[in-house]
Amino acid sequence: MSYKVILFDFDDTLVDFDDAEVKAYDHLMAVYQVPKALHNYKAFKKINQAHWEAFQRGEITKQEVLCHRFIETFSTYQMEVDGYEADVTFRDGLALAPIKWLEGIEKVLDDLKSKYKIAIVTNGVTDTQKRRIAQTDLKTFVDSIFISDEIGAQKPRVEFFDAVFNVFDQYEKNDFLIVGDSLTSDIQGGINAGIDTCWYNHRQLHNKTAIKPTYTIQHIQDLIQILR
């Protein structure tokens, strides 16, 4: 397939989001003086993921996600907190956490930048994502950056991708490929938008959903083979 525009998710596709999230969680726990022995990042991650998936299904608002995930998390420590204040603290920790590129990403981006239009398509809060992206040299590789908070729609909604298509309006949908780690966000989003999809399954997860990506890779270098 001859693609012309490659859309890359940011978190856990280009950079190690787990690494940043662990640091943000530790920052949050320190601010709220939760004893280290009680820290349970895995429990928070499960709570957080459940809230974002509920948002993607349209069951709760984004503001409810940002607030309630921390109310529920701190309730496991028998603590009551202002969820919005906890969210600000957490996102500040996330923005300050040093960026850790996933292995091989920068070389692949460098190889692709002269051959394709490249865009970042990321869900998240504008200020946080801009502060994190500013730590990188992504602007030397990419043509555009799309953040859901700025667009007013989140992957996998078609409205998010409509904003992308409006910028790259000289291309047809079959010119696009989205590469991402999330089946429910990136891959389902690409399917909803009518473009081809590449599931970057570098964590070697089992697909227990009915979502069928066009391609599946476990190593980013395999993307080069798909594009040839």
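Note that this is a predicted model, so its numbers are computed, not measured. (Residues numbered from 1 in each chain as written. Predicted model: local features only at pLDDT ≥ 70, side-chain atom pairs only at ≥ 80, totals over all residues. Heavy atoms only, no water.)

Visitor: Got a minute to help me understand the environment of Ser 114 in this structure?
Guide: If you trace the backbone, Ser 114 turns up in the loop between helix 5 (105–112) and strand 2 (117–122). Take Ser 114: its relative accessible area is 66%, and that puts it in the exposed class. (Helix = DSSP H or I, 4+ residues; strand = E, 2+ residues; numbered from the N terminus. Buried < 20%, exposed > 50% of the residue type's maximum accessible area, 1.4 Å probe, protein only.)

Visitor: Explanation requested: the packing of helix 4 (residues 83–96) against helix 6 (residues 126–133) in the structure shown.
Guide: Each packed pair of helices is defined by two parameters, the angle between the axes and the distance between the axes. Where helix 4 contacts helix 6, the two axes come as close as 8 Å, and the packing angle between them is 20°. As summarised for this structure, helix 4 and helix 6 are arranged roughly parallel, according to the angle between their axes. In this structure, helix 4 crosses over helix 6, and the sense of that crossing is right-handed. Each of Arg 91, Asp 92, Leu 94, Ala 95 and Leu 96 in helix 4 lies in contact with helix 6, whose residues at this interface are Thr 128, Arg 131 and Arg 132. Taken together, the residues of the contact of helix 4 with helix 6 break down into 3 nonpolar, 1 polar and 4 charged. (Axes fitted to C-alpha atoms, helices over the stretch in contact; angles between N-to-C directions. Parallel < 35°, antiparallel > 145°, perpendicular 65-115°, else oblique. Left-handed = near helix turned anticlockwise from the far one by under 90°. Contact = heavy atoms within 4.5 Å. Nonpolar A, V, L, I, M, F, W, Y, C, P; charged D, E, K, R; others polar.)

Visitor: Teacher, can you tell me more about the nonpolar core here?
Guide: Across soluble globular proteins, nonpolar side chains have a tendency to be buried as a group. Counting residues in each nonpolar core, the largest one holds 28 residues, and the members touching the most others are Phe 8, Leu 14, Leu 112, Leu 138 and Leu 223. Taken together, the elements giving at least two residues each to this core come down to strand 1 (5–8), helix 5, strand 2, strand 4 (176–180), strand 5 (196–200) and helix 10 (222–227). Other than its neighbours up to four places away in sequence, Leu 138 contacts Phe 10, Leu 14, Trp 101, Leu 109, Ile 120 and Ile 133. Residues Tyr 41, Phe 70, Phe 74 and Val 81 belong to the second largest nonpolar core, which totals 17 residues. (Core = buried A, V, L, I, M, F, W, Y, C linked by side-chain atoms within 4.5 Å.)

Visitor: So what exactly am I meant to see when it comes to helix 3 (residues 62–75) here?
Guide: Helical periodicity: at 3.6 residues per turn, an α-helix aligns residues three or four positions apart in one direction. The terminal C-alpha atoms of helix 3 lie 20 Å apart, and with 14 residues this matches the ideal 20 Å at 1.5 Å per residue to within 8%. If you follow the buried residues of helix 3, they end up packed against helix 1 (17–31), helix 2 (41–56), helix 4 and helix 7 (148–151). (Expected span 1.5 Å × (residues − 1).)

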